Amino acid sequence: MARVVIENLVKTYPEARGPAVRAVNNVCLTIEDGEFMVLVGPSGCGKSTTLRMIAGLEEISGGTVAIDGKVVNHVLPKDRDIAMVFQNYALYPHLSVYDNLAFGLKLRKFSKVEIDLRVREAAALLGLDPYLARKPKALSGGQRQRVAVGRAIVRQPKVFLFDEPLSNLDAKMRVSTRAEISKLHRQLGVTMIYVTHDQIEAMTMGDRICVMRDGLVMQVAAPLTLYNCPGNLFVAGFIGSPPMNLIRGTIQPAQDALQFVETSPASSPATITLNSALAARAAAYTRQPVVFGIRPEDLHDARTFPPGSQGATINTRVDYSEPMGAETLLYLNTGATSLIARARPTDRFEPGQQVEMTCNLENAHLFDPATELVI
Amino acid sequence: MNDHRQLAGQDRDWAKHLIIWCFVVIELLPLYLMLQGSVKDNADFLRSPWLPIVPRSWHWENWAFAFRLVLPYITNTLFVAVFSSAASLAFSIMAAYFFARYQMPFSRMLWSAFLALMLLPSVANIVPLFVLLKHLSLLNSLWALIIVGAASGQIFNVYVLRNFIEDLPRDLFEAAEIDGATHLQQIVNIVIPMSAPIIGTLSILAFLSQWNDFLLPLIVLRDRSSFTLGVGLIYLDGEYVKQWGQIMAAYFIASLPLIVIFLFSMRLFVRGLSAGAVKG
Amino acid sequence: MPHLVSRQRGLREWRLYLLIVPSLLLVGTFVLLPAVNGIYHSFSDWDGTRAQQLVGLDNFRRAFQDTILWNSFETVSILVVFNLFKMIPSILLAVLIHRLRSDRWQYAYRALMVVPMIIPGLVTLFVWKSFFDPNLGLLNRVLDLTGLKWALVSLDQRVFHWGVFFPHVPVGWLTQPELILPSLFIWGFPWIGTVGVLIYLAGLQSISQEIYEAAELDGVGSFGKFLYIELPLILTQVRLNLLLLIIATLQGYGLQLLLLGESGGPAGKGMVPGLWMYNRAFIAGEFGYACSIGMILFGFILALTIVNNRYVRVAK
């Protein structure tokens, strides 16, 4: 069982002046056996630090990390039964690929036979056979990355750790290596913890994603859950590209329904009549500020998608459009808020054009601006 | 070839060559004089000290004598130079690793102490050093030279190596740590291969400084059998009646080991010097 | 950047400290301890063996009135000036080689320049000592052959009245007090034996082509190029090593010891502070006094280093 349990993990850095900085602030996370967990977040959110504490490369200031039921706070990295793939590959430059793969095993006094077996197995798995005699400087970035992964595989660890392994590859390599790592996970079935700042990597590779910000865990859930049911403003805006549209406004009573009214200096702010589901949740926030969230794909040209019972419309002006080929990204403006919408590739829009957009309220969200949590 | 040299006058090079050769010839004069003087006996020498004599009358026994005389000095000096520079480098690498990779409690204090010692002019040390060696019963022993030689090179070596090791990629060490390497294994498998050029240069510098040193050996060594090259040559010079031929032969033989070593490592040395100079 | 390690983990990984133990032991015992010892004993009348008595500042008072010591400082300052002057041929040679048009010749000369470096310093020194020999020495022979001897004798007798060059007497380079300093100056001619040439060459080769082309367009001649392009670069390299050179000359005494003997030659004209310290300790057995001389030298050099670090470095 290679379950990793992180409880109240804290990492502080002493500062010359003022209070110590908490890079990781009371993080609690459980990674199940065989799971592919992605830690994602902007730079400085503490994801790498957390990973390094799991690895044992950083001292733990507070809390515990337990691998397979055993608390490993004071256990040396080599005894934690983990393997790590680094962003810059960290290959031994003077050793051949074979020796790079064999290095860790040699240190642990494995027999030559066993070493050869494991190295060739990993090489076969990763397509490294033709390169076994080469030195790292004779390899391309993608090949070096595979050697780094291979070095981890031969160790047959309980947990694989990845520290932004694709950041140094070009876009095309990134896509193919992403798929290879996912395939590897399916083949080996080992627990993998993967750190990245790229939310696309997170969404495509993870069984579950842990979104972090400023040392705190924002939400932990499966990719689609994060996408469809973000727990707070940050996750809503972070996951999804292009990001979710967030409109600030207040809940106002109107006739026998509740409306979301945009906070806007314009004469006619966007007004959305809430459906029953949303209204039920918004009731407690009558006359109070909220944030209305709706994803670009849930905004439709009203001409082609009339509102109907579940829809509501917003009057917008087109700023500009980006034809992407398979779709067109529309950059709109309500007068107070900028919005993005996905439109069909065949629709034509002119800058300055007034367009009415239908909102698919089934996929709309409301957030409390003060707590940033979803309502 | 389109560089500044084309801009200069076409026919000026011969003048440069002439001047350069003047310099070079005068500089290499001692070498020539040693050679031609080494095959004369004293009578020949008195007659014509600086001009070569006919090969028929070359006194090769000078060389045989000088060889027998100088060989033990050379072996002693080789022993001291090799061991002291090896020890110096080994200890420096370990200490530089300590300071470069980790900042343990008291690290900063120790490092400041190290730096302060770098400024220490060591001229005044020789007097108390002599007495210290006497108390340790190390006088008249080659080991004294090895130990002191290893000690005096430490500070500079550690300083240079520390800066170098700090620039090595950190994740390489971390990967080794996860692979299970102990600190010594990390030094052997990462630091040494990746710092090979600088270690080579430092080793050569240490070796040379030990080879050419004569002050400490002069006051420490008493037995003729343990003389190093420096002291041996000094005593040779101090003899009342000079056998010039033998002395010249001895000088030449004394120069041979370095010439041999450099023939093997010359390209490395010049490249190392140039690299260091351009950076500085 | 070194990885910060907390006190806790530091205690647990105490074995890491073992890595610096050999270094610390060696440096502590054979560099630091003698230094401290020297300071202590400069206040005593030590003779190197039995227990000594602390005599306070007596040694320093004696040093203050020691004419030999004062003269030695004067001598060594002159030697510093000599050594500064002796840097010129290296610079010249480096520029000449740098400006050669043939790459093959450049490489050949660079290789050739290594040769004087690998002849052990002692051998060069003793061969030069033989040059100074009055009867068999090369110098006197050359002077006789080229007639320069007669020129020097005439100059001496009719113009300058030095009293060192006599018509039928071989010139006593190392035996005439007045000739000691000139001998120390001449020693090592043409003064290109050290690593200087190669280092200057390497620096010169880093000058970009464009600067030369711009100078050519501006109509700068050969000498001008030297003055404005090459010399400044060499001078920056020189400045970096200047302090080291000065300190080395100030505290050096090996050359004088071997050329002139323990008393600095005739009338002690070649006595330098380091040699006086050596002399007092190992010839006269006055270890305490020698330590105080060492301390004075040490203080002098330390002051120079501090001044250099504060003012010269900052100015850069």
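Shown above is the structure to which this text applies.
Residues numbered from 1 in each chain as written. Chains lettered and ligands numbered in written order. Predicted model: local features only at pLDDT ≥ 70, side-chain atom pairs only at ≥ 80, totals over all residues. Heavy atoms only, no water.

**Here we look at the pattern of salt bridges**
All names here are of chain A.
(1) Moving on: In this structure the tally under the stated criterion is 24 salt bridges over all chains.
(2) Moving on: One salt bridge connects Arg-303 with Asp-301, and the closest N-O pair in it is separated by 2.7 Å.
(3) Moving on: Between Arg-344 and Asp-347 there is a salt bridge whose closest N-O contact spans 3.2 Å.
(4) Moving on: With a relative accessible area of 14%, Asp-347 lands in the buried category. (Salt bridge = Lys/Arg side-chain N within 4 Å of Asp/Glu carboxyl O. Buried < 20%, exposed > 50% of the residue type's maximum accessible area, 1.4 Å probe, protein only.)

**A look at the interface of chain A and chain C**
(1) Moving on: Of the residues lining the interface, 7 residues belong to chain A; the matching set on chain C comes to 7 residues.
(2) Moving on: Where chain A meets chain C, there are 0 salt bridges. (Contact = heavy atoms within 4.5 Å.)

**A word on the environment of Gly-285 of chain C**
Residues and elements named next belong to chain C.
(1) Moving on: Here Gly-285 shows up in the loop between helix H15 (273-283) and helix H16 (287-315).
(2) Moving on: Measuring from C-alpha to C-alpha, the distance between Gly-285 and Trp-46 comes to 8.5 Å, with 239 residues separating the pair along the chain.
(3) Moving on: Setting aside anything within four residues of it in sequence, one finds Gly-285 in contact with Trp-46, Asp-47 and Arg-280. (Helix = DSSP H or I, 4+ residues; strand = E, 2+ residues; numbered from the N terminus.)

**Focus on the interface of chain B and chain C**
(1) Moving on: Taken residue by residue, the interface counts 104 residues in chain B and 107 residues in chain C.
(2) Moving on: Carbon and sulfur atoms supply 76% of the area buried between chain B and chain C, which totals about 9500 Å² over both sides.
(3) Moving on: Split into classes, the residues belonging to the side of chain B that touches chain C amount to 74 nonpolar, 15 polar and 15 charged.
(4) Moving on: Note that strand E1 (residues 102-103) of chain B and strand E1 (residues 3-4) of chain C share 2 bridges and pair parallel. Residue Gln-103 of chain B lies in a different strand from E1 of chain C, and its bridge partner there is Leu-4 of chain C. (Buried area = accessible area lost by both parts, 1.4 Å probe. Nonpolar A, V, L, I, M, F, W, Y, C, P; charged D, E, K, R; others polar. Pairing = 2+ DSSP bridges.)

**Observations regarding the nonpolar core**
(1) Moving on: Among the nonpolar cores identified, the biggest contains 214 residues, and Leu-161 and Ile-193 of chain A, Tyr-97 and Tyr-251 of chain B together with Tyr-253 of chain C are the most heavily contacted of them.
(2) Moving on: For this core, the leading source of residues is helix H4 (residues 61-101) of chain B, giving 16 residues.
(3) Moving on: Built from parts of two domains, this core gets at least three residues from each of domain 1 (3-37) and domain 2 (63-279) of chain B.
(4) Moving on: Setting aside chain neighbours within four positions, we find Ile-193 of chain A in contact with Val-4, Ile-31, Met-37, Leu-39, Leu-51, Ile-54, Val-159, Phe-160, Leu-161 and Phe-162 of chain A.
(5) Moving on: In terms of nonpolar packing, the next biggest core, distinct from the first, is built from 46 residues, Val-38, Tyr-89, Ala-202 and Val-235 of chain A among them. (Core = buried A, V, L, I, M, F, W, Y, C linked by side-chain atoms within 4.5 Å. Domains from an automatic or database assignment.)

**Concerning the packing of aromatic side chains**
(1) Moving on: Counted according to the given criterion, the structure contains 40 aromatic pairs over all chains.
(2) Moving on: Measuring from centroid to centroid gives 5.6 Å for Phe-79 of chain B and Trp-143 of chain B, while their planes differ by 85°, and the two rings are edge-to-face. Of the two residues, Phe-79 of chain B sits in helix H4 while Trp-143 of chain B sits in helix H7 (residues 142-166), which places them 64 residues apart along the sequence.
(3) Moving on: Considering the side-chain rings of Phe-207 of chain B and Trp-211 of chain B, the 5.7 Å spacing of their centres and the 25° angle between planes classify their relative orientation as stacked. Taken together, the residues span about one helical turn, with Phe-207 of chain B and Trp-211 of chain B both in helix H10 (residues 196-212) at a distance of 4 residues.
(4) Moving on: One aromatic cluster is present, formed by Phe-98, Phe-99, Trp-111, Phe-114 and Tyr-159 of chain B together with Tyr-17 of chain C through successive ring pairs. (Phe/Tyr/Trp six-rings, centres within 6.5 Å; stacked < 30°, edge-to-face > 60°.)

**What to know about the environment of Ile-186 of chain C**
(1) Moving on: Structurally, Ile-186 of chain C is set in helix H10 (residues 177-186).
(2) Moving on: If near-sequence neighbours (up to four positions away) are discounted, Ile-186 of chain C is found in contact with Trp-128, Trp-173 and Trp-191 of chain C.

**What about H15 of chain C?**
All names here are of chain C.
(1) Moving on: Buried residues dominate H15, accounting for 9 of its 11 residues.
(2) Moving on: Along H15, the positions that sit buried rather than exposed are Pro-273, Gly-274, Leu-275, Trp-276, Met-277, Tyr-278, Asn-279, Arg-280 and Ala-281.
(3) Moving on: Following H15 by one or two positions, Gly-285 adopts a phi angle in the positive range, close to 75°.

**Points about a nonpolar patch on the surface**
(1) Moving on: A cluster of nonpolar side chains, Trp-21, Val-25 and Ile-26 of chain B together with Trp-105 and Phe-189 of chain C, forms an exposed patch at the surface whose accessible area comes to about 440 Å².
(2) Moving on: Along the polypeptide, Val-25 of chain B turns up in helix H2 (residues 13-38).
(3) Moving on: Look at Val-25 of chain B and you get partly exposed, because its relative accessible area is 45%. (Patch = residues over 30% accessible without salt bridge, like charges linked within 9 Å, V, L, I, M, F, W, Y side chains within 5 Å. Areas by Shrake-Rupley, 256 points an atom, 1.4 Å probe, with all protein chains shown as cover.)

**Some details on the state of the cysteines**
(1) Moving on: The final tally for this structure, using the stated rule, is 0 disulfides over all chains.
(2) Moving on: No disulfide involves Cys-359 of chain A; its nearest neighbouring cysteine sulfur is the one of Cys-229 of chain A, lying 18 Å away. (Disulfide = S-S within 2.5 Å.)

By themselves these figures say nothing about function.
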